[in-house]
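# Fold and geometry: a report
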Amino acid sequence: MKHPTILILCTGNSCRSHLAEGILRRALGEGYTVASAGSKPAGYVHPLGIKAMAEIGIDISGHHSKHLNEFLNQDIETVITVCGNADQACPMFPGQVNRHHWGFDDPAHATGTEEEQMEVFRRVRDEIRAVFESYASGRQNQAALAKTVPALAAQAYSDGHQDENKKK
């Protein structure tokens, strides 16, 4: 069985979408494919984004900036945009069932010293983490329920037939 693919989009695919990809991949674990892309890829992953993620034990240093067109011929079950520009530029993908938009500030625009910029990266990372870990928890609960309901329905059906046989 093929794992559902979740694609996270932002404009530059240099920061927010990579933060979200790393967080969601860890939160969901096995059973899902998580990727990110941009409508106008910057061509790099922001070094302070890599550093902010390393602080919480997630390595995104191997990620690279990708264009959303790379995914147009793939079955994408869910698209999540993390900036307004990507939400407006987002096409429909084959197999797409769900679409969500959760906008976050772009920490790549932070100014000041490196430590002041890191404060912005950490804040945005933590905001993304709260939203995407909650989303992952909901997906996992939904998957567990989908496995449980057929068994419960079969048991209820069986119990109902046993009751009917007792009446006869």
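Because the structure is a prediction, the values reported are computed rather than measured.

Criteria and thresholds
- Residues numbered from 1 in each chain as written.
- Predicted model: local features only at pLDDT ≥ 70, side-chain atom pairs only at ≥ 80, totals over all residues.
- Heavy atoms only, no water.
- Buried < 20%, exposed > 50% of the residue type's maximum accessible area, 1.4 Å probe, protein only.
- Helix = DSSP H or I, 4+ residues; strand = E, 2+ residues; numbered from the N terminus.
- Arc of directions from axis to C-beta.
- Core = buried A, V, L, I, M, F, W, Y, C linked by side-chain atoms within 4.5 Å.
- Contact = heavy atoms within 4.5 Å.
- Phe/Tyr/Trp six-rings, centres within 6.5 Å; stacked < 30°, edge-to-face > 60°.
- Expected span 1.5 Å × (residues − 1).

## Here's the deal with helix 2 (residues 47-54)
Residues that lie three or four places apart on an α-helix share one face, since the helix turns once every 3.6 residues. Listed in full, the buried residues belonging to helix 2 are Leu48, Gly49, Ala52 and Met53. Down the axis of helix 2, the buried set is contained in an arc of 140°. They therefore lie on one face. Exposed and facing more than 90 degrees away from the buried side of helix 2 are Pro47 and Ala54.

## Focus on the nonpolar core
With 29 residues, the main nonpolar core has Ile8, Leu24, Ile128 and Phe132 as its most contacted residues. A per-element tally of this core places helix 4 (residues 114-167) first, with seven residues. Beyond its immediate stretch of four places on either side in the chain, Leu24 contacts Ile6, Ile8, Val34, Phe132, Tyr135 and Ala136.

## A few points about the packing of aromatic side chains
For the structure on display, the rule yields three aromatic pairs. Relative to Phe132, the ring of Trp102 has its centre 5.4 Å away and its plane inclined at 90°; by these criteria the two rings are edge-to-face. On the criterion of sequence distance, the pair formed by Trp102 in the loop between strand 4 (98-101) and helix 4 and Phe132 in helix 4 is long-range, its members being 30 residues apart. When its relative accessible area of 25% is taken as the criterion, Trp102 is described as partly exposed. Within the aromatic cluster, the residues linked to one another by ring pairs are Trp102, Phe104, Phe132 and Tyr135.

## Remarks on helix 1 (residues 16-28)
With 13 residues, helix 1 extends 18 Å between its outermost C-alpha atoms, agreeing within 8% with the 18 Å of an ideal straight helix rising 1.5 Å per residue. Burial within helix 1 is extensive, with ten of its 13 residues counted as buried. Within helix 1, burial applies to Arg16, Ser17, His18, Leu19, Ala20, Glu21, Gly22, Ile23, Leu24 and Leu28. Positive phi appears at Gly29, one or two residues downstream of helix 1, with a value of about 70°.

## As for unusual backbone geometry
The phi angle of most residues is negative, glycine excepted, and most peptide bonds adopt the trans form. Phi at Asn13 takes a positive value of approximately 50°, unusual for a residue other than glycine. Mapped onto the secondary structure, Asn13 falls in the loop between strand 1 (5-10) and helix 1. Its relative accessible area of 0% is what places Asn13 among the buried residues.

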